[in-house]
Amino acid sequence: MIAVQDLDRTYSTLERLRAAIGTTVVGQGAVVEAVLVALLCGGNVLLEGVPGLGKTLLVRALASALDLRFSRIQFTPDLMPADIVGTNVLSDDGTRRTFTYSPGPIFANVVLADEVNRATPKTQSALLEAMEERTVTIGKTTYPLGTPFLVLATQNPIEMEGTYPLPEAQLDRFLFKAAVGYPSLEDLVTIVEHTTEGDGVALPEAVASAADVLSAQSVVREIPIAQPLREYVARLVLATHPDNPRAPKDVRSFVEYGASPRAAIATILGAKAHALLAGEPNVRRVDIESVFPLALGHRLILSFRGEAEGVAATALLSRVWEETPVL
Amino acid sequence: MLRGVRSAGIAFATSVALILMAAVAARLGTMALRLGPSVAALLVVVATTTVGFVVGYAPRPDIARLLLSIDLALATGERLCSLHELRSRGGATPLENRIATKLLETPPAWRRVLRLRRRDALPWAAGGAALGLALFLSLTITPPVPTTTADPGSQARAAGSQGVPHASSVPLGTKGGAVAAGARDATPSGSAEPFGDALAELLPAPPSRGLLGDLGDAVPAEVGAPARDLRQSLSDYLSQLLGRAEADQNQTFALTEREREALQELMRDVPTSNLRRSLSSVLRGETGNALKALLEESQRLLEGADQGEEGETSTQDARAPVPPEAEATGSDLASAGWVSLPPPSDGEGETTGAGERRTGADAEEPETLDRSAPPRNEEGGSAVGGEESGEATPPLPGVGFIPEELLGDVGSEGDLRRYFTKGIPFEPPVGERAPAAALSIDYEALRALLAARVLAPEVQTIVRTYFAEITRGGP
């Protein structure tokens, strides 16, 4: 059970964290919020957007503000799994030669997997255990990752040449998928001003520790959500299944597979974190509404017809949201 | 919530429409339904039962879902259901207090609750409009006089019901006034008073001299018409029955059920107890010659009353000029046998009504008239005294009726109507009893009337109380 001090400290930490990131990252409020929510949930985020929108800067600013270990992995077609998780290397201390494990860049608190879809599926799968189990297994030895652990992967939706789309199993490991859009005019002016004058972009000072993050993650799980809202989330997720009689017509037409149970978990957990981030002591419907497309957008597998007609998953989710009653 | 509002609106509109239809139908006389308290109560019961059925049929609400629906309606940030969730988990957490604090800080969005969609507001608007229409109709529509009757007695009453009190409505003869209950026919009335008001007016002290004096206005001249029509109807009917009895060779003549009902209806309006007693004997179930004899006796008594009327009319023709109104009223009162005025206080035995009948051919049948004549009062005056003096007495000024007044509904007993006769106030000698005490009541007729009317006990009490009051105790 949490104490009043934990609650107040969490509110304070999140407020400071949001302000610190805001000094570096201009605009992209929704993306920043999604990343923070994922951090509070202990989940991973897939950021989708064209290059140059500040995805890497956002991750670096987050790691800097939290005083956490940050590592960046640039995914390329020739990247090997060992380049991510590490490998056993032969070491010679003068008396004997032994294999010693050399950890890869995955051993950090905040990992930026840049352009993750450029690596081969074999390399991409190296992230699966780390993202889900928070461990890395080399040979017969399993190494735990640090806490908190957060993978922020980016992918470019435009360039399809020489890319390897993430398999569904790996996509399902991401708590959220957020689209990073172009900044507004005002934000762009500010970005230009920050980067072309003075010393350029400065990363924020650390305003929270790993302990604060872990404390906040425990508080998130205490945030209450009413049973009818839980049932509501379950109905929302089931409404994405084309064989569900209560699914909207578009879902039945354009969706091959609906969202998995992880989607419901991600929605409820994300709603709790969203409520906490908003300073609320309980989950509201608006919290669910905020995280619903983030949690389900990458979990819908469109049918051939849906792909052919260019149906967007977000449009289908909007229809699901509109046609599913709360009670 | 909105479903509840919608169903409640529909129920409201339906019940109002039913009441409106019943009220209008009863008001226009197109339906035999009397919209009394019992009907209204029945409607309320039906409506309540319907609502209860709907409420009971609905599944029991889940508390958490109910709270969530309230949260969504009031835009409270789903705090009520979250509080319930925390409480159901058990154990106090700081979040519980935080939620409660936030709940109290956030004002509920009442406008969202009160906002009605058009289809939800339509039944309420329709019900309100119907209610307004019913109110308008109740204030403006005057009920027509029913013209269809099923039996001779009813036909007679209908013929004489235009603006005058019915013969059956004033069953007792008094000098000062009378209140009769139990009239069945609808007649024009200015306004209907609640039954409670009628009780309040009945139970207090007897009418004062001033009130009696005020009642002397606007007496209709045709006040005796209904009585004559009734008598004619009764005479015709008795003649028919006698004709049947004489035609019956097997001595098995008996009244049919329909004939009994018609005769009972006519008998109810007969004011003289002698004739009524005779008619009651007819109804006892005799057959053959016995029944024929009883019919003849009734016919004879009725004809005796007719002769008394004719004699009274001739007496009026011969006396000194009197105001037309008083003349007509006095004769009709006498002819109907309803009012037997006691002699004036000077003890001369002059009287009107029954007393005048004794001056005519009816003198051969004194018993008939004595039935309705009041007992001799302390001043020595009585109806019989008038006959004994052998004088043709002029009618007292200001005697007559004012139109009847509908007081209310007495459940299964029908309407409660009030009638006043214009009385003749007279000054008692100093030290004598008050004028009201000089009123003469035919208590026998009163009891017979109450018994024949099958009045409810409480109504009988009212009538008895009234007559006891106006006679300061009575016999």
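Residues numbered from 1 in each chain as written. Chains lettered and ligands numbered in written order. Predicted model: local features only at pLDDT ≥ 70, side-chain atom pairs only at ≥ 80, totals over all residues.

A. Just the overall build of chain A, in detail. Check the secondary structure of chain A and you find 15 helices and eleven strands. Taking all 327 residues of chain A together, 44% fall into the buried category. Once local pairs closer than 6 in sequence are excluded, the contacts in chain A between residues at least 24 apart make up 78%. (Helix = DSSP H or I, 4+ residues; strand = E, 2+ residues; numbered from the N terminus. Buried ≥ 20, exposed ≤ 12 C-beta atoms within 10 Å, placed from the backbone. Contact = placed C-beta atoms within 7 Å.)

B. Region of the structure containing the overall build of chain B. Assigned secondary structure in chain B consists of 20 helices and two strands. Expressed as a percentage of its 475 residues, the buried residues of chain B come to 41%.

C. Representation of the interface of chain A and chain B in the model. Each side of the interface is counted separately: chain A has 19 residues, and chain B has 20 residues. With three residues, helix H10 (residues 227-238) of chain A is the largest single contributor of residues to the side of chain A that touches chain B. Residues that form the side of chain A that touches chain B fall into these classes: 13 nonpolar, two polar and four charged. (Nonpolar A, V, L, I, M, F, W, Y, C, P; charged D, E, K, R; others polar.)

D. Representation of the packing of helix H12 (residues 261-277) of chain A against helix H13 (residues 285-296) of chain A in the model. All names here are of chain A. Packing of H12 against H13 brings their axes to within 8 Å, and their N-to-C directions diverge by 140 degrees. The angle between the axes of H12 and H13 places the two elements in the oblique class. The way H12 lies across H13 gives a crossing that is right-handed. The residues of H13 that touch H12, namely those facing Ala263, Ala266, Thr267, Gly270, Ala271, His274 and Ala275, are Asp287, Ile288, Ser290, Val291, Phe292, Leu294, Ala295 and Leu296. Residues belonging to the contact of H12 with H13 are distributed by class as follows: ten nonpolar, four polar and one charged. (Axes fitted to C-alpha atoms, helices over the stretch in contact; angles between N-to-C directions. Parallel < 35°, antiparallel > 145°, perpendicular 65-115°, else oblique. Left-handed = near helix turned anticlockwise from the far one by under 90°.)

E. Summary view of the packing of helix H3 (residues 63-74) of chain B against helix H4 (residues 79-89) of chain B. Residue and element names in this part refer to chain B. H4 packs onto H3 with a crossing angle of 150 degrees between their chain directions and a minimal axis gap of 7 Å. Accordingly, the angle class assigned to the pair H3 and H4 is roughly antiparallel. Contacts from Ile63, Ala64, Leu67, Leu68, Ile70 and Asp71 of H3 reach H4 at Arg79, Leu80, Cys81, His84 and Glu85. Its residues assigned to classes, the contact of H3 with H4 comprises seven nonpolar, one polar and three charged.

F. Highlighting the environment of Gly54(A). Checked against the element boundaries, Gly54(A) lands in the loop between strand S1 (45-48) and helix H3 (55-66). Apart from residues no more than four positions distant in its own chain, Gly54(A) is found in contact with Val25(A) and Gln28(A).

G. Examining the nonpolar core more closely. The biggest cluster of nonpolar side chains holds 107 residues, and the ones touching the most others in it are Val35(A), Val45(A) and Leu152(A). Looking at which element gives the most residues to this core, the answer is helix H2 (residues 29-41) of chain A, with ten residues. With residues up to four places along the chain from it excluded, the contact list for Leu152(A) reads Val35(A), Val45(A), Leu47(A), Val59(A), Val110(A), Val111(A) and Leu112(A). Among the nonpolar cores identified, the runner-up in size contains 21 residues, and Leu230(B), Leu238(B), Leu275(B) and Leu279(B) belong to it. (Core = buried A, V, L, I, M, F, W, Y, C linked by C-beta atoms within 7 Å.)

H. Fine view of the sheet that holds S1(A). Residue and element names in this part refer to chain A. Overall, parallel pairing links the five strands, which are arranged S2-S5-S8-S1-S9 in an open sheet. The strands lining the two open edges of the sheet, one partner per strand, are strand S2 (70-74) and strand S9 (176-179). The average angle at which neighbouring strand axes cross in this sheet is 20 degrees, direction not considered. Alignment of S1 against strand S8 (residues 150-155), held across four bridges, turns out to be parallel. Within S8, the position partnered with Val45 by the bridge is Leu152. In the packing of H3 onto the sheet, contacts are made with S1, S2, strand S5 (110-114) and S8, and the angle to S5 comes to roughly 170 degrees. (Pairing = 2+ DSSP bridges.)

I. Local environment of the confidence of the model for chain B. Residue and element names in this part refer to chain B. Scored by pLDDT, chain B has a mean of 61; 43% of the residues are at 70 or more. Mean pLDDT values over the elements of chain B span from 37, in helix H16 (residues 354-357), up to 87, in H4. Scored below 50 in pLDDT, residues 202-224 makes 47 contacts in the model with residues more than four places away or belonging to other chains. In this model, residues 422-426 is a region of pLDDT below 50 whose contacts with residues beyond four sequence positions or in other chains number 21 contacts. Our summary of model confidence lists the complex with pTM equal to 0.52 and ipTM equal to 0.78. (pLDDT = per-residue confidence, 0-100.)

J. Representation of the environment of Asp120(B) within the structure. Mapping Asp120(B) onto the fold places it in helix H7 (residues 118-140). Sequence spacing of Asp120(B) and Ala8(B) is 112 residues, and the spatial spacing of their C-alpha atoms is 9.5 Å.

K. Region of interest: helix H15 (residues 313-323) of chain A. Residues and elements named next belong to chain A. Within H15, burial applies to Ala313, Leu316, Leu317 and Val320. Down the axis of H15, the buried set is contained in an arc of 100 degrees. They therefore lie on one face. Looking at H15, the residues exposed on the side facing more than 90 degrees away from the buried face are Ala315 and Glu322. (Arc of directions from axis to C-beta.)

L. Here's a closer look at unusual backbone geometry. The step from Thr147(A) to Pro148(A) runs through a cis peptide bond, and the omega angle for that step is -10 degrees. Inspection of the secondary structure puts Pro148(A) in the loop between strand S7 (141-144) and S8. One non-glycine residue, Asp67(A), adopts positive backbone phi at about 55 degrees. Topologically, Asp67(A) is positioned in the loop between H3 and S2. Phi is positive for Ala75(B), which is not a glycine, with a value near 55 degrees.

M. Examining the environment of Ala266(A) more closely. Residues and elements named next belong to chain A. Mapped onto the elements of the fold, Ala266 is located in helix H12. When the 28 C-beta atoms within 10 Å are taken as the criterion, Ala266 is described as buried. When the C-alpha positions of Ala266 and Cys41 are compared, they lie 8.4 Å apart, and in sequence the two are 225 residues distant.

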